[in-house]
Amino acid sequence: MTFASTGLFASHVLSRPPAAGLPKPASAQTDPIVAADASAQTQSYADAASQTEAAAADGGGAEEAKSSDEAAPADAPGLLPMLRRAVPLMEDVLEENLGSTALDGYPPNRGLLGEEAVTLKCSLTPPTAVIENGLQCTSVEWNASGSVLVAAFGQLDLSGWCTLPGVLAVWSVFRRDLQPDKPPETSIEHSSCLMCVACHPEQPSLVAAGSFNGEVLLFDLSSKDQPLRHSSQINDYFHREPVAQLRWVYDPSTLDYLLSSVSSDGKVLFWSVSQGLEYPVRGTLLAMRKPVTSDGNAKGSAAVRHSGAVHGGTALAFVGGSSKATVQDPMVVASEAGALMGCSAPTRDAGVPLANWESSAQRVLSYVSGRDRPSVQAHVEQWTRSNRIQKVDAPHIFKSKPDPIALFDSEGGHTRYDAHAGPVLGLDASPFHRHLFLSTGADASLRLYSLLQSKPLLVLEPAACCLHSAAWSHTRPMVFAAAGANGSVYLFDLLVSTSSAVAEMKQPQQARPPGAVHTVAFNPRMRSFLACGDANGFVHVWNLSWGLANVRPGETEQLDRAAKALSDGEGGDADGDGGEMPSSVKQNRRSDVTGSGALGAAGEDEGR
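Quick look at the structure, then. (Residues numbered from 1 in each chain as written. Predicted model: local features only at pLDDT ≥ 70, side-chain atom pairs only at ≥ 80, totals over all residues. Heavy atoms only, no water.)

### As for a negative patch on the surface
- On the surface, Glu-91, Asp-92, Glu-95 and Glu-96 cluster together into a patch of negative charge.
- Relative to the elements of secondary structure, Glu-95 occurs in helix 1 (residues 79–98). (Patch = residues over 30% accessible without salt bridge, like charges linked within 9 Å, V, L, I, M, F, W, Y side chains within 5 Å. Areas by Shrake-Rupley, 256 points an atom, 1.4 Å probe, with all protein chains shown as cover. Salt bridge = Lys/Arg side-chain N within 4 Å of Asp/Glu carboxyl O. Lys, Arg positive; Asp, Glu negative; His and termini not counted. Charge placed at Lys NZ, Arg CZ, Asp CG, Glu CD. Helix = DSSP H or I, 4+ residues; strand = E, 2+ residues; numbered from the N terminus.)

### A short note on unusual backbone geometry
- Of note, the phi angle at Leu-277 is positive, near 55°, even though the residue is not glycine.
- Turning to its location among the elements, Leu-277 is positioned in the loop between strand 12 (267–272) and strand 13 (280–285).
- Residue classification places Leu-277 among the buried positions, given a relative accessible area of 1%.
- At Lys-401, a position not held by glycine, the phi torsion is positive, near 60°.
- Here Lys-401 lies in the loop between helix 5 (394–399) and helix 6 (404–408).
- Taking relative accessible area as the criterion, Lys-401 reaches 60% and is therefore assigned exposed. (Buried < 20%, exposed > 50% of the residue type's maximum accessible area, 1.4 Å probe, protein only.)

### What to know about the sheet that holds strand 19 (residues 415–417)
- Ordered by their spatial adjacency, four strands build an open sheet running 16-17-18-19, and the pairing between neighbours is antiparallel. A strand with exactly one partner marks an edge of an open sheet, and here the two such strands are strand 16 (313–318) and strand 19. Recorded for the sheet is a direction-independent mean angle of 25° between the axes of neighbouring strands.
- The sheet contact formed by strand 18 (residues 340–343) and strand 19 spans three bridges and is antiparallel. Following the sheet pairing, Leu-340 is matched in strand 19 by Tyr-417. (Pairing = 2+ DSSP bridges. Axes fitted to C-alpha atoms, helices over the stretch in contact; angles between N-to-C directions.)

### Considerations on the pattern of salt bridges
- Applying the stated criterion across every chain yields a total of 14 salt bridges.
- Between Asp-220 and Arg-229 there is a salt bridge, with its nearest N and O atoms 2.8 Å apart.
- Exposure remark for Arg-229: the relative accessible area of 39% places this residue in the partly exposed category.
- A salt bridge links Asp-428 to Arg-247; its shortest N-O distance comes to 3.7 Å. Placement of the pair is Asp-428 in strand 20 (residues 424–429) and Arg-247 in strand 10 (residues 243–251), with a sequence separation of 181 residues.
- Residues joined in a network through salt bridges with shared partners are Arg-175, Asp-177 and Glu-185.

### Concerning the packing of aromatic side chains
- Evaluated as defined, the whole model comprises 13 aromatic pairs.
- With 5.4 Å between their ring centres and 10° between their planes, Phe-437 and Tyr-449 make a pair best called stacked. Taken together, the residues span a long stretch of sequence, with Phe-437 in strand 21 (residues 436–441) and Tyr-449 in strand 22 (residues 446–450) at a distance of twelve residues.
- Overall, the relative accessible area of 1% leaves Phe-437 in the buried class.
- Members of the aromatic cluster, joined through ring pairs, are Tyr-237, Phe-238, Trp-271, Tyr-279 and Phe-398.
- Stacked on the ring of Phe-270, the Lys or Arg Arg-282 has its end atom at 4.2 Å from the ring centre.
- A cation sits over an aromatic face here: Arg-282 above Tyr-367, 5.1 Å from the ring centre. (Phe/Tyr/Trp six-rings, centres within 6.5 Å; stacked < 30°, edge-to-face > 60°. Lys NZ or Arg CZ within 6 Å of the ring centre and 35° of its normal.)

Quick look at the structure:
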């Protein structure tokens, strides 16, 4: 084998990258940023102090700053010296302002009048039982705090036996989740119609009500399971007829409130809550008296004898010039015949302590007239001996069944005021004047009386319809309201007019015709609100304007002067010469004063 060398040649091929993939250098730059420095400085400042000690400076000359929301301690250095310097000066200025007459000639803004004076806040839907039984709203009342509205439902035109139920409804009117178009969350039913309601003046949860059958009921709204706390009995010594009205009155001797009630059976009774309404602690009989001689003749009498008949009571009020009525205040009672009777506070004669008589029994006996007390005492003691009772307590007095006339009658009789020409349906006393009270009746008149005068000081006739109720404002001495059978509430302001209402509150439009307004009540705490209840069972809450709700400077004194002018017969017509009214009243009297139901009528009666 032969080998031969062969020359080999070598070759190579270089790769070439694609043009698109070749990198290319590039650069970008923003505009040049211009920066500048600047400085600012506040002006020079100075510290000043007013009625305080200057703050101490630190070593560097700067004062120590304190947070504005930090309160200075009561024992801070310098506080007492500052008060010693400032208080006498402040008291001197306040005392000087009391006697200042700088603003006496300035006429204050009376607020809105007419239709704009009041606005409807809400109309409250009654409970289902009220609608189903066709009940009426017979009474409304605000509780002690003014946040809860209580209404009683029944029938005012019943005769004979009552077969309808009664309902007590409660609304928290100012709750955010209140739904006026739905029935109230709290409603209490009773076996007979409820005719009146009265809230305790100091305990917001206690509510008293009077029934058609004559019961006096006490409810505790804080008890959901058993709200009825106490109930009175029905017999000859308690009420046997519908309870027309209830009033809470304070008894200074016991430092507690008594519940007074008036009924068409002619009795005014006073009940103690601490005794559970078991018996009345005292009472007054609205007896019809006639003068008779000792031989029984009706002429030339030196004595007054009970005729055997009584006045059917419809309303009562305690006239004392204060929102807190007491048993010592004179009491005015109205009757179904239109009579107005003033009853002085009964005198209590404890006498000598009786053996085997409990203190409660002696208290009831102490209010019996001195003429009849021996006979009542002998009757009770004879009954206890026959029943082998050792100790006589108050319930035993009523169980022994003494003569009701002797037990409740009084020797003094009653003061008479000019009667209405029909039943008196409403009474209310002024909380600002110790002699004034209002009355409304079926004769379409609203009357202003004074305890010192038998004739009315003022007679108003806002409409040709029955007036069911009257209420005096708790904050405005010269503002009061009356409820009409035509479905309206009339608001009066004697600073504006002494002859006509300054506002008429009509019921809102409903599916059924407007019903008579039976009751009206001002809120004792929230002065801008007024409530009323109608015959359809609805309760309406109204918002009063600022002018009708807020007292004017010196308004109480203006009421005193107006009452004096009216009682002196200075009320004549606007253009007459019957004397001068107080300037505050005269300047604001309207020019449409008429003779009927106005100041002129009262002045003419006085002239006669």
